[in-house]
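In case you want the letters, here they are:
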There are 2 protein chains.
Amino acid sequence: MRIWMFCSAAHFRTHGARRLNWKSKLIQTTMTSPTQSAVRWYPPSFDIRVEQVPVPEINEPDDAIVKVKLAALCGSDLHIYRGHAGINKVHICGHEFIGEVVKLGLSYGGQAQGRPDLYSNLKVGDKVVSPFTVSCGECSVCRLGYTCRCPHGALFGSPALEGGQAQYVRVPKAGGTLYNLSDTSSWSTSLSDKTATAALDKISESSLVLLADILPTGVFAAMQALSHPKVLTALTGRPCPLNFFPLKDLPSKQDALVQEDRTLTFAIVGLGPVGICAAVSLLDLLSAGQYPFRVVAIDPIESRREKMQAVYSKISPDGRGSGEFITKVQAWTSGVGCTAVLEVVGNNSALSLAYDLVRDFGAIISVGVHGANQVPFTGRQLYNKNVSLEFGRCPARTMFPPAFELLAKRQDVFGGVGDPSSLVDRIAGFDEAPEMYRAFEKGEVGKVIFDPWK
Amino acid sequence: MRIWMFCSAAHFRTHGARRLNWKSKLIQTTMTSPTQSAVRWYPPSFDIRVEQVPVPEINEPDDAIVKVKLAALCGSDLHIYRGHAGINKVHICGHEFIGEVVKLGLSYGGQAQGRPDLYSNLKVGDKVVSPFTVSCGECSVCRLGYTCRCPHGALFGSPALEGGQAQYVRVPKAGGTLYNLSDTSSWSTSLSDKTATAALDKISESSLVLLADILPTGVFAAMQALSHPKVLTALTGRPCPLNFFPLKDLPSKQDALVQEDRTLTFAIVGLGPVGICAAVSLLDLLSAGQYPFRVVAIDPIESRREKMQAVYSKISPDGRGSGEFITKVQAWTSGVGCTAVLEVVGNNSALSLAYDLVRDFGAIISVGVHGANQVPFTGRQLYNKNVSLEFGRCPARTMFPPAFELLAKRQDVFGGVGDPSSLVDRIAGFDEAPEMYRAFEKGEVGKVIFDPWK
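It should be emphasised that the depicted structure is a prediction, and the values quoted were computed from it without experimental measurement.

Novice: Provide a residue-level description of the overall build of chain A, including the pertinent values.
Specialist: Helix and strand content of chain A: 18 helices and 16 strands. Scored against the burial criterion, the 454 residues of chain A give a buried share of 57%. For chain A, restricting intrachain contacts to residue pairs at least 6 apart in sequence, the fraction spanning at least 24 positions comes to 70%. Here chain A displays about 17,900 Å² of accessible surface, and carbon together with sulfur accounts for 52% of that area.

Put into structure tokens, the structure is as follows:
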């Protein structure tokens, strides 16, 4: 990186470049590069244009250039689309993409000693899934698995980093960011390399895009719910305070829990694509146990509830658990309430509903992308219910292995395009992008994937 | 309960009691009873009076009457004292007390078959600690250990239930509520009965009152912090997503964590008596492990910081960890931030400070009693830091065993009265109650305990 910076600065000084600052010089240079087709957002809102823009170049030694195979449209893209994100910079959209490495910076190969494996192993030609944020893979935050908050990170498809709805995309810190589909031995899964490779062969290409964001995010929501100490009481049969010591055997003279106490009740608020992924992950994890459970999935849009029903009938054909679609919150106010509520919407109305649904000593797991509104709870409300709240973005790189395993296991749900239970509604060309954004924002279409070469 | 209801209703009907409603009839009846001295709060605020009121009677079969030995003044009493709780009913104050059972309802003894042990075992003459809320001990909520949210519960010293700053107090559902100090075999501790009895003998009477609320609440805060999945990553060395499966061995190809990643940094915001209890519990739990940690204790009041320092020098004389008292939040904004922050104040200023202090993927554990203000976070703030929040009241009955063990172990801290490190500043008579409330509210005095017979 230092070398490149030095050369550039020297170039800038030598050539004078009157009245051109660093940024404008870069633009001047790249304007001479070959161009590509990309989906760009224009402020203030609802303005999507498909344009010819320069093909990205390697800017830093850790960069990779990925030729995009498929790129998806995500619910959280709508925050920018609607102009709710306070952004006014034109940029290429999209943070979910898969593709093939076509160029690598100077950091890769033999000179990558002491760095994450992918720096030495990643090769031009490798097929990759990119998590929706960049992570260096070398800092404490990354080591702890909190990759989406890496201090060197950035979100694709934001003012900070051009997105993946293009024919080519620059991936910074690619050795710490990408998942290399061409080298399953680099993964941390409970599958052997051979099994992982065999599993990969059976996974449809369109469903691989789900690994960039929505499937890891769904798994993240479900795992946060099931590992929360307030859920562990019922899940493990260890009442408070034993739930605080899941690893330790402590004596207890408390009465044993009965089935009523151990019945887990979950609600999922929001059945967009991430909500469905969360539901599938939750049901998959729950069905591995012997505890009674109930999952209630809630969305005001009928087509989403129908999708959930179609998914549900595949996952629980034996009738364990039960599915209901509830539009009237009032029906929920009687009784104890939910052990945990997964909030997969990202607004205050969803948070308030989650609060109404959750039991005393329950947990609200929010993976929705929230905006500038103050959260709709008073301190007294939270105190009076002993509520736990988990907020935030999925560390998608970290959650890749369990998400991959779920994807491989559940191709019946995730594998198709346009089936009643399939998450992917259609694969469109970039020429359809403005219309797809419009229809997606209106709830008229579900998950859309773009093929930049169609 | 049904029998008593029937008799009372019959009495009401038979005697006509013109224009008297149920409540006024009760007062009429009890006004003829013997009287006692009690500390009462008068609306709207700052009005504490010591008055003669009727000695409480058994109202329901599950009731016990406890002769109060000692009753303490708690920081959360100040919410009512200041008039912040929206209450306008005169009532006896106080929710922390120990005493001796002097009367029992019809539910106790031989007829208590199938009910919690205390119904058959509790006897007149038994010494007891009362948790600050009532719990039935027989419902699903109680079985899960969430006793402070028992649907049959109530808070002592509130409009719903007369408090313990009196010579006598009525304890509803006493068989599910009280801890019986005279029968250590009824406890769920990791100590044997013999050890527990021996430990009890060495515990000062004044410090037993701490078991009613503040010590269990401190332990609750510390245990919630240490068991949170976002703390378990560093604590157990299992990075995300392994932290979601503390009970399961999963393969991982992630890089091993280094000491920097595993160093736990905690802040305690608020060094009132509960804050000190939380600090002692946290340090005690941390010192059982081999992980590096740092605890930073914060309070604007110098005398409280001095108390914390005195306590700290007893707990960590070997210098493991380090204590700092920070008044300037700005000093904290550099660096990663705290693994977890314990918020032991109960206002928005403390919550905002906790947010500023906590790291990305950190946890805020709030045991402060919060009021009617909306919590001071936007959804975006919580999303952008991946913050976890734990709110609410301590289930004091549930937390009694670990709190008792800590009390026994740390008599050097908890045992004295008026020492630099002692939590109890003084034992006062009821005649001093108005002045003690005033001084406590102003931060001029620490923990005060009343002796109703002084």
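Novice: Account for unusual backbone geometry, with residues named and values stated.
Specialist: All names here are of chain A. Along the chain, Cys-240 connects to Pro-241 via a cis peptide bond; the corresponding omega equals 10°. Looking at the secondary structure, you find Pro-241 in the loop between helix H10 (229–236) and helix H11 (259–262). Located in the positive-phi region is Lys-173, a residue other than glycine, with phi close to 45°. For Lys-173, the location among the structural elements is in the loop between strand E7 (168–171) and helix H6 (174–177).

Novice: Go over the sheet that holds strand E2 (residues 47–54) of chain B, please, and point to the residues and values.
Specialist: Residues and elements named next belong to chain B. Pairing in this open sheet of three strands is antiparallel, and the strands run E2-E1-E4 from one edge to the other. Edge positions in the sheet fall to E2 and strand E4 (91–92), since each of these pairs with one other strand and no more. The strands touched by helix H18 (residues 433–441) within the sheet are strand E1 (35–42) and E2, with E2 carrying the most contacts at an inclination of about 145°.

Novice: Got a sec to walk through H10 of chain A? Specific residues and values, please.
Specialist: In an α-helix there are 3.6 residues to a turn, and that puts residues three or four apart on one side. All names here are of chain A. Most of H10 sits inside the fold, with seven of its eight residues counted as buried. Regarding H10, the residues found buried are Pro-229, Lys-230, Val-231, Leu-232, Thr-233, Ala-234 and Leu-235. Of the residues flanking the end of H10, it is Gly-237, one or two places downstream, whose phi is positive at about 75°.

Novice: Account for helix H7 (residues 193–202) of chain B, with residues named and values stated.
Specialist: All names here are of chain B. Taken together, the buried positions of H7 are Ala-196, Ala-199 and Leu-200. Within H7, the buried residues cover an arc of 100° as seen down the axis, which keeps them to one side. H7 presents Lys-194, Asp-201 and Lys-202 as exposed residues on the side facing more than 90 degrees away from its buried surface. Close packing links the buried residues of H7 with helix H8 (205–208) and helix H16 (396–409).

Novice: Tell me about the interface of chain A and chain B, and name the residues and values.
Specialist: At the interface, 76 residues of chain A touch 76 residues of chain B. The junction of chain A with chain B conceals about 6,700 Å² of combined surface from both sides, 59% of it contributed by carbon and sulfur atoms. When the buried surface of chain A facing chain B is broken down by residue, Arg-143, Tyr-146 and Tyr-383 of chain A rank first, second and third, together holding 12% of it. Here chain A and chain B share six salt bridges between them. Two residues, Arg-143 of chain B and Asp-261 of chain A, come together in a salt bridge whose shortest N-O distance is 2.6 Å. One can count 37 residue pairs in polar contact (both at pLDDT 80 or more) joining chain A with chain B. Every element with two or more residues in the side of chain A that touches chain B is listed here: helix H5 (140–143), helix H9 (214–227), H10, H11, strand E13 (358–366), helix H15 (379–385), strand E14 (388–391) and helix H16 (396–409) of chain A.

Novice: Before we move on, can you summarise the sheet that holds strand E2 (residues 47–54) of chain A with the specific residues and values?
Specialist: All names here are of chain A. Pairing is antiparallel in the open sheet, where three strands are placed in the order E2-E1-E4. The strands lining the two open edges of the sheet, one partner per strand, are E2 and strand E4 (91–92). With eight bridges connecting them, strand E1 (residues 35–42) and E2 associate as antiparallel partners. Opposite Arg-40, over in E2, you have Arg-49 as the bridge partner. Strands in contact with helix H18 (residues 433–441) are E1 and E2; relative to E2, the strand with the most contacts, it is inclined by about 145°.

Novice: Help me get a handle on the packing of aromatic side chains, residues and values and all.
Specialist: For the coordinates displayed, the defined rule picks out 24 aromatic pairs over all chains. Relative to Tyr-437 of chain A, the ring of Tyr-81 of chain A lies with its centre 5.3 Å away and its plane at 50°, an arrangement referred to as tilted. Placement of the pair is Tyr-81 of chain A in helix H3 (residues 77–81) and Tyr-437 of chain A in helix H18, with a sequence separation of 356 residues. Look at Tyr-437 of chain A and you get buried, because its relative accessible area is 1%. Each ring, one from Tyr-437 of chain B and one from Phe-450 of chain B, has its centre 6.5 Å from the other, and the planes form 15°; the classification is stacked. Placement of the pair is Tyr-437 of chain B in helix H18 and Phe-450 of chain B in strand E16 (residues 447–451), with a sequence separation of 13 residues.

Novice: An account of the UniProt feature "domain: Alcohol dehydrogenase-like N-terminal" (unreviewed entry) in chain A is requested, with residue identities and associated values reported.
Specialist: When the UniProt feature table is mapped to this numbering, "domain: Alcohol dehydrogenase-like N-terminal" (unreviewed entry) covers residues 61–174 of chain A. As a span, residues 61–174 of chain A carries 13% helix and 25% strand, and end to end its C-alpha atoms are 10 Å apart.

Novice: How would you summarise the pairing of strand E12 (residues 338–343) of chain B if you had to cite specific residues and measurements?
Specialist: All names here are of chain B. For E12, a buried count of six out of six residues is recorded, marking the element as mostly surrounded by other parts of the structure. Pairing analysis gives four bridges linking strand E9 (residues 264–269) to E12, with the strands arranged parallel. In the sheet register, Val-269 faces E12, and the bridge partner there is Glu-343. Judged from the five bridges that link them, E12 and strand E13 (residues 358–366) form a sheet pairing that is parallel. Opposite Ala-340, over in E13, you have Ala-363 as the bridge partner. Following the backbone out of E12, through helix H14 (residues 348–357) and into the adjacent parallel E13, one traces a crossover that is right-handed.

Novice: Hey, could you go over the pairing of strand E5 (residues 96–104) of chain A for me, with residue numbers and the actual values?
Specialist: Residues and elements named next belong to chain A. Note that strand E3 (residues 64–73) and E5 share eight bridges and pair antiparallel. Note that in E5 the partner of Leu-70 across the bridge is Ile-98. Two elements, E5 and strand E6 (residues 127–130), share four bridges in a ladder whose sense is antiparallel. Looking at E6, one finds that Gly-99 is bridged to Val-128.

Thresholds, definitions, all that
Residues numbered from 1 in each chain as written. Chains lettered and ligands numbered in written order. Predicted model: local features only at pLDDT ≥ 70, side-chain atom pairs only at ≥ 80, totals over all residues. Heavy atoms only, no water. Helix = DSSP H or I, 4+ residues; strand = E, 2+ residues; numbered from the N terminus. Buried < 20%, exposed > 50% of the residue type's maximum accessible area, 1.4 Å probe, protein only. Contact = heavy atoms within 4.5 Å. Areas by Shrake-Rupley, 256 points an atom, 1.4 Å probe, with all protein chains shown as cover. Pairing = 2+ DSSP bridges. Axes fitted to C-alpha atoms, helices over the stretch in contact; angles between N-to-C directions. Arc of directions from axis to C-beta. Buried area = accessible area lost by both parts, 1.4 Å probe. Salt bridge = Lys/Arg side-chain N within 4 Å of Asp/Glu carboxyl O. Polar contact = N/O pair within 3.5 Å; in protein donor to acceptor, adjacent residues only side chain to side chain. Phe/Tyr/Trp six-rings, centres within 6.5 Å; stacked < 30°, edge-to-face > 60°. UniProt positions renumbered as here; feature names shortened; annotations may be inferred. Right-handed = clockwise from strand over helix to strand, strands pointing away.

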